[in-house]
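Examining the three-dimensional arrangement
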Amino acid sequence: MPPQDMTTVSSPSRGAAPENPGPEHVLDTLQHQVAVFARRAEQTRLGGVGQVRNSMDRAAYLLLNRLDLEGPMGVKALAAGMGIDSSTVTRQVAPLVDTGLVKRTSHPEDGRAVVLQLSPRGQARLDEVRSSRRELMSQVTDGWSEEERDTFCALLTRFNGALAARQAAHQTTQAG
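Sequence order as written defines residue numbering, which begins from 1 separately in each chain. Local features are withheld for residues below a pLDDT of 70 in this predicted model, meaning they are given only at 70 or higher, and side-chain atom pairs are given and counted only at 80 or more; totals for whole chains, interfaces and linings count all residues. Only heavy atoms go into the side-chain values, all of them from the structure, while hydrogens and water stay out.

1. Let's talk about the overall build of the protein chain
- A tally of helices and strands in the protein chain yields 6 helices and 2 strands.
- Residue burial is assigned from relative accessible area. The probe radius is 1.4 Å, only protein chains are included, and a residue is buried under 20% of its type maximum, exposed over 50%, and partly exposed in between. Within the protein chain, the proportion of its 176 residues that are buried is 24%.
- We call two residues in contact when some of their heavy atoms are within 4.5 Å. For the protein chain, contacts bridging at least 24 residues in sequence account for 48% of all contacts bridging at least 6.
- For the area figures, the Shrake-Rupley method with a 1.4 Å probe applies, and any residue is considered shielded solely by the protein chains shown. Carbon and sulfur atoms provide 57% of the accessible area of the protein chain, an area that totals close to 12,100 Å². Runs of E in the DSSP output that reach at least two residues are strands. Runs of H or I that reach at least four are helices, and both are numbered from the N terminus.

2. Quick look at helix α5 (residues 120–140)
- Over its 21 residues, α5 extends 30 Å from the first C-alpha to the last, a length consistent with the 30 Å expected when each residue adds 1.5 Å.
- For α5, every residue scored as buried is listed here: Gly 122, Arg 125, Leu 126, Val 129, Arg 130, Ser 132, Arg 133 and Leu 136.
- The secondary structure elements touched by the buried residues of α5 are α2 (58–70) and β2 (114–118). A helix is expected to span 1.5 Å multiplied by its residue count minus one.

3. Here's the deal with the environment of Gln 117
- Position of Gln 117 among the secondary structure elements: in strand β2.
- Once residues within four sequence positions are removed from consideration, Gln 117 is found in contact with Leu 67, Pro 72, Leu 101, Val 102, Lys 103 and Thr 105.

4. So, the pattern of salt bridges
- By definition, a salt bridge exists where a carboxyl oxygen of Asp or Glu is found within 4 Å of a side-chain nitrogen of Lys or Arg. All chains considered together, the criterion is met by 3 salt bridges.
- Notably, a salt bridge pairs Arg 130 with Asp 68, separated by 2.8 Å at the nearest N-O pair. With a gap of 62 residues between them, Arg 130 in helix α5 and Asp 68 in helix α2 connect regions that are remote in the sequence.
- A relative accessible area of 17% places Arg 130 in the buried class.
- By relative accessible area, which is 25% here, Asp 68 ends up partly exposed.
- Across the pair Arg 125 and Glu 128 runs a salt bridge whose closest N-O atoms are separated by 2.8 Å. Placement of both Arg 125 and Glu 128 in helix α5 is noted, with a separation of 3 residues, approximately one turn of the helix.
- For Glu 128, a relative accessible area of 26% translates into the label partly exposed.

5. Quick word on the side chain of Arg 130
- Polar contacts, as used here, are pairs of N or O atoms within 3.5 Å; protein pairs need one atom able to donate a hydrogen and one able to accept it. Residues neighboring in sequence count only if both atoms are side-chain atoms. Within the local environment of Arg 130, its side chain forms a polar contact with the side chain of Asp 68, the two groups lying 2.8 Å apart.
- Excluding its chain neighbours within four sequence positions, the residues that come into contact with Arg 130 are Tyr 61, Asn 65, Asp 68, Leu 69 and Gln 123.

6. Some thoughts on a negative patch on the surface
- Within this analysis, patches are made of residues with over 30% relative accessible area and no salt bridge. Like charges are joined at 9 Å or less; nonpolar side chains (Val, Leu, Ile, Met, Phe, Trp, Tyr) at 5 Å or less. Charged residues are defined narrowly, with Lys and Arg counted positive, Asp and Glu counted negative, and His plus the chain ends left uncounted. Every charge is mapped onto a representative atom, which is NZ of Lys, CZ of Arg, CG of Asp or CD of Glu. A cluster of acidic side chains, namely Glu 146, Glu 147, Glu 148 and Asp 150, defines a negative patch on the protein surface.
- With respect to the helices and strands, Glu 147 occurs in helix α6 (residues 146–175).
- Residue Glu 147 is classed as exposed on the basis of its relative accessible area, which comes to 60%.

7. Here we look at the packing of α2 against helix α4 (residues 86–98)
- Angular values range over 0 to 180 degrees, each being the angle between N-to-C directions of two axes fitted as lines to C-alpha atoms, with helices fitted over their stretch in contact. At a minimum axis distance of 10 Å, the contact between α2 and α4 shows a crossing angle of 90 degrees. One finds that α2 runs roughly perpendicular with respect to α4. Contacts from Ala 59, Ala 60, Leu 63 and Leu 64 in α2 reach Val 89, Gln 92, Val 93 and Leu 96 in α4. For classification purposes, angles smaller than 35 degrees are called roughly parallel, those larger than 145 roughly antiparallel, those between 65 and 115 roughly perpendicular, and all remaining angles oblique.

See below:
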């Protein structure tokens, strides 16, 4: 069992868990563990295993992944699908284009429009990072049953979906 420090205790403010933890304690623990997860994910960049070169920053990974899963698309469509501003996508895509991971091409129906597409080099790099991250996830959850992995994945997906819906609703209220 890993040593307990301020990043692993169950409650940031109460020390030991109370005998009958209530909803407030659970929510305190949840928000604390999400914060710890975010910090650890950034520290390791969830880079997987093996050489440091398998690491990729979050923005690059998410952009390359979306282009791989959904195919070529314009900046506005990419931004909308990721729930971020077009200017942010433009800024994040620039180094990916400069390093040859993404290529800009003309839209097949409207030659004036630009479409972003995963390059063969980008596909190879994404495959390498995915494989490395898959191995990391395997190692981190090594003692888990398949059911525990499935449950964790389902709950984390649901949690991320709820956060995305909340963000979208907030953006709609801000725009209106």
